[in-house]
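Each chain, written out:
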Amino acid sequence: MFPDRVLSGMRPTGKLHLGHYHGVLKNWVKLQSEYECLFMVADLHALTTAYDDVTVIEKSVWDMVIDWIAAGVDPAQATIFIQSRVPEHAELHLLLSMITPLSWLERVPTYKDQIEKLSSKDLGTYGFLGYPLLQAADILLYRGTLVPVGEDQVPHVEITREIARRFNHMFGKEPNFAEKAEAAIKKMGGKKGKLYEELRTRYQQEGDVEALESARAMLADTQNLSHGDMERLFGYLEGGGKMILPESQPLLTSASRMPGLDGAKMSKSYGNTISLREDSDVVAKKIRQMPTDPARVRRTDVGDPEKCPVWQLHQVYSEDSTKQWVIEGCKTAGIGCIECKQPVIDGVLAEQKPMFERAQPYLEDPTLVRNLVADGCERARDLARETMRDVREAMGLGYD
Ligand code: SF4
């Protein structure tokens, strides 16, 4: 079996903000110590919508990686790489496009949604229709079995699974599969090979699921088999073919909605953001200028936190005692809005302080970030080459 690998990415289309931190990066930081993680600068994806203004992509790539590191992504634990520097992404995308029915792409819910949302852009392009397939290629290239997503992106993982299933069904039957599987059994050694045969027979003839589980566990423990042989033997157990592209699973992340400066979701398109590494004076100014409950015209007017965007930020940044102070102070006009905003300012600045510290060495020496990304691209390419060797061979392109 392939190891649990997590693949996730972000488009380099501008500065990252606290919405990215709370919505995605905090989760990446957690995942990197639990799984093998690959974090990708999705520059090819950025081109699907920003093809008419490519300068923003180039400008954002390095800065975005520094933002990731600032947020706590650790290049010693996770592989950080740029999608276009691993050309196998484009190759797998192309090869998968040969077997992907158009209707699968047209029915992805975000396709029509995005076309409507970004109506000022011409998104009637081949690249835009194919972006879920490019995403599928991204995931399948690393045989990444886990994809961290929110509820709304589950259909993207589902299409990836359908494509993998279709691919394995069409191409997993390699010539002489049974002979190759039998040869692989011999490589396991006499005792283990015999046990594998017994367990396989028990499963296939008697439907003994425990035997199947034992055989799987034994295979996963076997050290001296190549990746290809391992996959053959997993497939052979159940009477199927070789599994070339494993089906990925969504790793559901809890929806954490970061409110913006106006109470709506923090998003660049709403102009309500605080950048990850925003200057502290600007942070303070932005929060002091936030709208509040419109009922509080004068200092003496009472208000209701539920009607105030600042209250939403208290939910993110303040302790219970502070929140209690806000509720009482607002409802009795005991505190003014400027006073009420100060703990939020302090909370944001405290959150940003370690981010500035982590980013500093990379800002002082830009070669550091170039080098770590170059290393990450190499690591990613090694994995990608392995998959592509099997994919090419399966599709009849492995002429040697
Ligand atoms: S006191 Fe605080 S919660 Fe109440 S309106 Fe002013 S900023 Fe909002």
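Structure first, text after, so check above.
Every chain's residues receive numbers from 1 upward, in the order its sequence appears when written. The predicted origin of the model limits local features to residues at a pLDDT of at least 70 and limits the giving and counting of side-chain atom pairs to 80 or more, whereas totals for whole chains, interfaces and linings rest on all residues. Based on all heavy atoms of the structure, the side-chain values leave hydrogens and waters out of the count.

(A) Up close: the side chain of Thr100. Each helix corresponds to a stretch of at least 4 residues labelled H or I by DSSP, and each strand to a stretch of at least 2 residues labelled E; elements are numbered beginning at the N terminus. Along the chain, Thr100 falls in the loop between helix H4 (88–97) and helix H5 (102–106). On the basis of relative accessible area, Thr100 is assigned to the buried category, the value being 12%. Polar contact is the term for a pair of N or O atoms within 3.5 Å; when the atoms are in protein, one must be able to donate a hydrogen and the other to accept it, and sequence-neighboring residues count only if both atoms are side-chain atoms. Within polar-contact distance, the side chain of Thr100 engages the backbone oxygen of Leu96 at 2.7 Å. The contact criterion used is simple: two residues touch if any of their non-hydrogen atoms lie within 4.5 Å. For Thr100, the contacting residues outside a window of four places in its chain are Leu105, Leu133 and Ile163. We call a residue buried when its accessible area falls under 20% of the maximum for its residue type, exposed when it is over 50%, and partly exposed in between, using a 1.4 Å probe and counting protein chains only.

(B) Broad picture of the pattern of salt bridges. For this document, the term salt bridge refers to a Lys or Arg side-chain nitrogen within 4 Å of an Asp or Glu carboxyl oxygen. Within the structure shown, the criterion is met by 20 salt bridges. Residue Arg161 pairs with Glu247 through a salt bridge whose shortest N-O separation is 3.9 Å. With Arg161 in helix H9 (residues 154–171) and Glu247 in the loop between helix H13 (227–237) and strand E5 (249–252), this residue pair connects regions lying 86 residues apart in the sequence. What emerges from the salt-bridge pattern is a single network uniting Glu158, Arg161, Arg165 and Glu247.

(C) Quick peek at the nonpolar core. Here, the term nonpolar core denotes a set of buried Ala, Val, Leu, Ile, Met, Phe, Trp, Tyr and Cys residues that are joined through side-chain atoms within 4.5 Å. Leu25 and Trp68 are the most contacted members of the largest nonpolar core, which has 96 residues in total. Here this core gets 10 residues from one element, more than from any other, and that element is helix H3 (residues 55–71). Grouped together as the second largest cluster of nonpolar side chains are 18 residues, Leu199, Ala211, Leu212 and Ala215 included.

(D) Structural context of the side chain of Ser318. Along the chain, Ser318 turns up in the loop between helix H15 (309–317) and helix H16 (320–331). What makes Ser318 buried here is its relative accessible area of 11%. Side-chain polar atoms of Ser318 contact the side chain of His314, separated by 2.7 Å. Leaving out residues up to four positions away in the same chain, Ser318 has contacts with Leu313, Lys323 and Pro343.

(E) Broad picture of the site of the ligand. Here a residue is near a molecule or strand as soon as one of its heavy atoms is found within 4 Å of it. Close to the ligand lie Thr292, Asp293, Arg296, Pro305, Cys308, Val310, Val326, Cys330, Cys337 and Cys340, which account for all nearby residues. Of all elements in the fold, only H16 and helix H17 (337–364) reach the threshold of two or more residues within the shell around the ligand. Put simply, Ala, Val, Leu, Ile, Met, Phe, Trp, Tyr, Cys and Pro go in the nonpolar bin, Asp, Glu, Lys and Arg in the charged bin, and everything else, Gly too, in the polar bin. Tallied by class, residues from the shell around the ligand come to 7 nonpolar, 1 polar and 2 charged.

(F) Quick peek at the environment of Asn27. Within the element layout of this structure, Asn27 appears in helix H1 (residues 18–32). Distance in space between the C-alpha atoms of Asn27 and Ser254 is 9.2 Å, their sequence separation being 227 residues.

(G) Structural view of the packing of helix H10 (residues 177–187) against H13. Every axis in this analysis is a line fitted to C-alpha atoms, fitted for helices over the stretch in contact. Angles between the N-to-C directions lie between 0 and 180 degrees. Relative to each other, H10 and H13 sit at 110°, their axes nearing to 9 Å. The angle between H10 and H13 places the two elements in the roughly perpendicular class. Every pair of crossing elements has a handedness; the one defined by H10 and H13 is left-handed. Across the interface between the two elements, Phe177, Ala178, Lys180, Ala181, Glu182, Ala184, Ile185 and Lys187 of H10 pack against Asp229, Arg232, Leu233, Gly235 and Tyr236 of H13. When the residues that make up the contact of H10 with H13 are grouped by side-chain class, the tally is 7 nonpolar, 1 polar and 5 charged. Between 65 and 115 degrees an angle is taken as roughly perpendicular, under 35 as roughly parallel, over 145 as roughly antiparallel, and anywhere else as oblique. Each crossing gets its hand from how the near helix is turned against the far one by less than a right angle, where anticlockwise is left-handed and clockwise is right-handed.

(H) Looking closely at the environment of Ala71. Relative to the assigned elements, Ala71 resides in helix H3. Considering only alpha carbons, one finds Ala71 and Leu25, 46 residues apart in sequence, at a separation of 6.6 Å. Excluding its chain neighbours within four sequence positions, the residues that come into contact with Ala71 are Tyr21, Leu25, Val29, Leu276, Met355 and Arg358.

(I) Structural context of the packing of aromatic side chains. Put simply, two rings from Phe, Tyr or Trp (the six-membered ring, in Trp's case) pair if the centres are within 6.5 Å, and we call them stacked under 30 degrees between planes, edge-to-face over 60, tilted for the rest. By the definition in use, this model includes 6 aromatic pairs. Ring geometry for Trp28 against Trp68: centres 4.9 Å apart, planes inclined by 80°, an arrangement best described as edge-to-face. With a gap of 40 residues between them, Trp28 in helix H1 and Trp68 in helix H3 connect regions that are remote in the sequence. Overall, the relative accessible area of 1% leaves Trp28 in the buried class.

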